[in-house]
Amino acid sequence: MSSSSFAVKKGNLILPLFLLIITTVYLATALQITPQFDEGLVGPSFVPVLASILMYVALGFVFRDILRAPAPTDDSAGDEVTDEDKPSLAAAIKIVLATAIYIAAFKTLGYPLSTFLYVYALLFFFRLENTGQIRRIAYSAIITAVFYVLFVVIFQVRLPMLEGLLP
């Protein structure tokens, strides 16, 4: 591995390493939460611990992809950097704004509508479903329904609803 390819990989590892540190601090804090009484499997630290585990798994894939990425060739050293090659914070800013709007609208619009719109926005931002609006709408509805069943039926968490929309 040449020093330039190592430098590129080292630069690509900075954000994932930062997220790994933040996730570890978050998990350590979540594990210190003590419930007031026995709440079974789903206590106050359940969701933070689950989120941390999912983040560790996702970061594992990110690290794997960075370390397996082919090293840049010497031929490409003189090539121009295109707009697609430049890192952009636009997508991250859109996701942060969508998340802030989701949090603000959650109680007012209720779980089904706010979550559906949030998932739809994320699918759009990540370009995970560019095959058409129908599929993006269907995926958003399915994901919203799955999490509704997960929280309301399995975890018995009461979610806010838009008046007249679901019990």
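Residues numbered from 1 in each chain as written. Predicted model: local features only at pLDDT ≥ 70, side-chain atom pairs only at ≥ 80, totals over all residues. Heavy atoms only, no water.

Focus: the overall build of the protein chain
On a plain count of helices and strands, the protein chain comes out with six helices and zero strands. Secondary structure elements of the protein chain, listed N to C terminal, follow the sequence α-α-α-α-α-α. A total of 167 residues make up the protein chain; the buried ones form 22% of that total. (Helix = DSSP H or I, 4+ residues; strand = E, 2+ residues; numbered from the N terminus. Buried < 20%, exposed > 50% of the residue type's maximum accessible area, 1.4 Å probe, protein only.)

Quick word on the pattern of salt bridges
Side chains that differ in charge, positive against negative, can pair when their charged atoms come close. As enumerated under the stated definition, the model contains one salt bridge in all. Salt-bridge contacts for Asp-65 lead to Arg-64; the nearest nitrogen and oxygen are separated by 2.9 Å. (Salt bridge = Lys/Arg side-chain N within 4 Å of Asp/Glu carboxyl O.)

As for helix 4 (residues 90-109)
For helix 4, built from 20 residues, the straight-helix expectation of 28 Å at 1.5 Å per residue is met to within 8% by its first-to-last C-alpha distance of 26 Å. In helix 4, a bend of some 30° at Ile-103 exceeds every other bend along the element. Residues Ile-95, Ala-98, Tyr-102 and Ala-105 constitute the buried set of helix 4. On the buried face of helix 4, the contacting elements are helix 5 (111-125). Where helix 4 terminates, the next one or two residues include Gly-110, which has phi positive at roughly 85°. (Expected span 1.5 Å × (residues − 1). Bend = angle between axes of the 7 residues up to and from the residue. Contact = heavy atoms within 4.5 Å.)

Digging into the environment of Ile-101
With respect to the secondary-structure elements, Ile-101 resides in helix 4. For Ile-101, a relative accessible area of 59% translates into the label exposed. Between the alpha carbons of Ile-101 and Ser-114 there is a distance of 8.9 Å; along the sequence they are 13 residues apart.

Some words on the packing of helix 4 against helix 5
Between helix 4 and helix 5, whose axes approach to 8 Å, the crossing angle comes to 170°. The angle between helix 4 and helix 5 falls in the class roughly antiparallel. Where helix 4 abuts helix 5, its residues Lys-94, Ile-95, Ala-98, Thr-99, Tyr-102, Ala-105, Phe-106 and Leu-109 lie against Tyr-111, Leu-113, Ser-114, Thr-115, Tyr-118, Leu-122 and Phe-125. In terms of residue class, the contact of helix 4 with helix 5 is built from eleven nonpolar, three polar and one charged. (Axes fitted to C-alpha atoms, helices over the stretch in contact; angles between N-to-C directions. Parallel < 35°, antiparallel > 145°, perpendicular 65-115°, else oblique. Nonpolar A, V, L, I, M, F, W, Y, C, P; charged D, E, K, R; others polar.)

Describing the confidence of the model for the protein chain
When pLDDT is averaged across the protein chain, the result is 77; 71% of the residues are at 70 or more. Per-element mean pLDDT across the protein chain ranges from 59 in helix 1 (residues 3-12) up to 90 in helix 5. (pLDDT = per-residue confidence, 0-100.)

Section: the packing of aromatic side chains
All told, the structure shown has seven aromatic pairs when counted by the stated rule. Relative to Phe-106, the ring of Tyr-102 lies with its centre 5.6 Å away and its plane at 70°, an arrangement referred to as edge-to-face. Remark: Phe-106 and Tyr-102 occur in helix 4; sequence separation between them is four residues, near one turn of the helix. The class for Phe-106 is partly exposed, based on a relative accessible area of 21%. Ring centres of Phe-106 and Tyr-111 lie 6.2 Å apart, and the angle between their planes is 85°; this geometry places the pair in the edge-to-face category. In this structure Tyr-111 comes out as buried when scored by relative accessible area, which is 4%. Taken together, the aromatic side chains of Tyr-102, Phe-106, Tyr-111, Tyr-118 and Tyr-148 make up a single cluster linked through ring pairs. A cation sits over an aromatic face here: Arg-136 above Tyr-120, 5.5 Å from the ring centre. (Phe/Tyr/Trp six-rings, centres within 6.5 Å; stacked < 30°, edge-to-face > 60°. Lys NZ or Arg CZ within 6 Å of the ring centre and 35° of its normal.)

Overview of the nonpolar core
General note: in soluble globular proteins, nonpolar side chains tend to be found buried as a group. Ranked by size, the top nonpolar core spans nine residues in total: Ile-95, Ala-98, Tyr-102, Tyr-111, Tyr-118, Leu-122, Tyr-148, Leu-159 and Met-161. The residues touching Ala-98, leaving out its near neighbours within four places in the chain, are Tyr-118 and Phe-125. (Core = buried A, V, L, I, M, F, W, Y, C linked by side-chain atoms within 4.5 Å.)

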